[in-house]
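Spelled out from the first residue to the last, the chains are:
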Amino acid sequence: PMLHGPLMLHESASGSTECERDPLLVDLLLNRYPMEAGDVLLIASNSGRNPVPVELAMRAAGLGAKVIGLTNRRHSEAFPSRHGSGKKLGECVDVLMDNCGVVGDACVDVAGADYSIGSASTVTGSFLIQMMVCHAIETAMHQGWNAEVFSSSNGGNEGLNESLLQRYGPLVRHL
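**Q** How should the environment of L96 be read in this particular structure?
**A** Relative to the elements of secondary structure, L96 occurs in strand β3 (residues 95-98). Classification of L96 as partly exposed rests on a relative accessible area of 28%. As a C-alpha pair, L96 and L70 span 26 residues in sequence and 6.0 Å in three-dimensional space. Sequence-distant contacts of L96, that is, excluding residues within four places in its chain, are made with G69, T71, R73 and G90.

What follows is the structure, given as structure tokens:
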């Protein structure tokens, strides 16, 4: 995971919006989280129109990584790109997952109000990512490859987790 605080909502919702529009941030991200050919990068952006997700997808693909995008196709098609190339996330990925949300992401109309509430993208996005991981592991196991899975630290697999931490800790910054 690329956990860059200023991009995340818990520090500042309006600040993360500004941060996601600065394509120069991609250099910082790629320096902090290096990737190479054969890596897989999943980028989630509900609108798919802001410069950081688009630039990151393009640069990761240029490094030989496989790029998966998670976006709201309906929302993305309703607005122009903010990236200098005019492209949107869905145009820069190897695989595109659509969270099937509504334009604006809020899906519950409020009687008597001129706005909606109830963002669905986080829930549907999390579900889609979990199902993608489950399918990938099942497929790998079916093909004879023993997937290495980090288990709950409270589930009795501490030995396996420790070996995964030793092996992948240097590669996965937040593990």
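**Q** How should I be thinking about the pattern of salt bridges in this particular structure?
**A** Where charged atoms of side chains with opposite charge meet at close range, the side chains can pair. This model, assessed by the stated rule, comprises four salt bridges. Across the salt bridge formed by R167 and E148, the nearest N and O atoms sit 2.8 Å from each other. Residue R167 is located in helix α6 (residues 158-168), and its partner E148 is located in the loop between α5 (121-142) and α6; the two are separated by 19 residues in the primary sequence. Assessed through its relative accessible area of 51%, R167 is described here as exposed. Look at the salt bridges and you will find they share partners, linking D27, E55 and R59 into a network.

**Q** So what exactly am I meant to see when it comes to the packing of helix α2 (residues 25-32) against helix α3 (residues 51-62) here?
**A** Packed helix pairs are characterised by how far apart their axes lie and by the angle those axes make with each other. Between α2 and α3, the least distance of the axes is 9 Å, while the angle of their chain directions is 50°. Overall, the two elements α2 and α3 adopt an arrangement that is oblique. Judged by the sense of rotation from one axis to the other, the crossing of α2 with α3 is right-handed. Of the residues in α3, those in contact with L25, V26, D27, L29 and L30 of α2 are V52, E55, L56 and R59.

**Q** How should a nonpolar patch on the surface be read in this particular structure?
**A** Taken together, the side chains of V133, I137, M141 and V149 make up a nonpolar region of the molecular surface, amounting to roughly 280 Å² of accessible area. One can find V149 in the loop between α5 and α6.

**Q** It is not clear to me how the packing of aromatic side chains should be interpreted in this structure. Could you clarify?
**A** Each aromatic ring pair is described using two quantities: the centre-to-centre distance and the angle formed by the ring planes. Throughout the structure, instances matching the rule amount to zero aromatic pairs. We note R173 situated over the ring of Y33; from NZ or CZ to the ring centre the distance is 5.7 Å.

**Q** Is there a simple way to explain the side chain of T71 in this structure?
**A** Turning to its location among the elements, T71 is positioned in strand β2 (residues 66-71). The exposure class of T71 is buried, given its relative accessible area of 3%. Among the polar contacts made by the side chain of T71, one reaches the main-chain carbonyl oxygen of N46 at a distance of 3.0 Å. Residue contacts for T71: discarding those within four places in its chain leaves S45, N46, S47, G48, S76, L96, M97, D98 and N99.

**Q** Would you mind showing me how to read the sheet that holds β3 here?
**A** Whenever strands of a sheet pair, they do so through backbone hydrogen bonds, lying parallel or antiparallel. Taken in spatial order, the three strands line up as β1-β2-β3 in an open sheet, and their pairing is parallel. At either end of the open sheet lies a strand with only one pairing partner, and these are β1 (40-44) and β3. Averaged over all adjacent pairs, the angle separating strand axes in this sheet is 15°, with direction ignored. Across four bridges, the pairing between β2 and β3 is parallel.

How each quantity is defined
Residues numbered from 1 in each chain as written. Predicted model: local features only at pLDDT ≥ 70, side-chain atom pairs only at ≥ 80, totals over all residues. Heavy atoms only, no water. Helix = DSSP H or I, 4+ residues; strand = E, 2+ residues; numbered from the N terminus. Buried < 20%, exposed > 50% of the residue type's maximum accessible area, 1.4 Å probe, protein only. Contact = heavy atoms within 4.5 Å. Salt bridge = Lys/Arg side-chain N within 4 Å of Asp/Glu carboxyl O. Axes fitted to C-alpha atoms, helices over the stretch in contact; angles between N-to-C directions. Parallel < 35°, antiparallel > 145°, perpendicular 65-115°, else oblique. Left-handed = near helix turned anticlockwise from the far one by under 90°. Patch = residues over 30% accessible without salt bridge, like charges linked within 9 Å, V, L, I, M, F, W, Y side chains within 5 Å. Areas by Shrake-Rupley, 256 points an atom, 1.4 Å probe, with all protein chains shown as cover. Phe/Tyr/Trp six-rings, centres within 6.5 Å; stacked < 30°, edge-to-face > 60°. Lys NZ or Arg CZ within 6 Å of the ring centre and 35° of its normal. Polar contact = N/O pair within 3.5 Å; in protein donor to acceptor, adjacent residues only side chain to side chain. Pairing = 2+ DSSP bridges.

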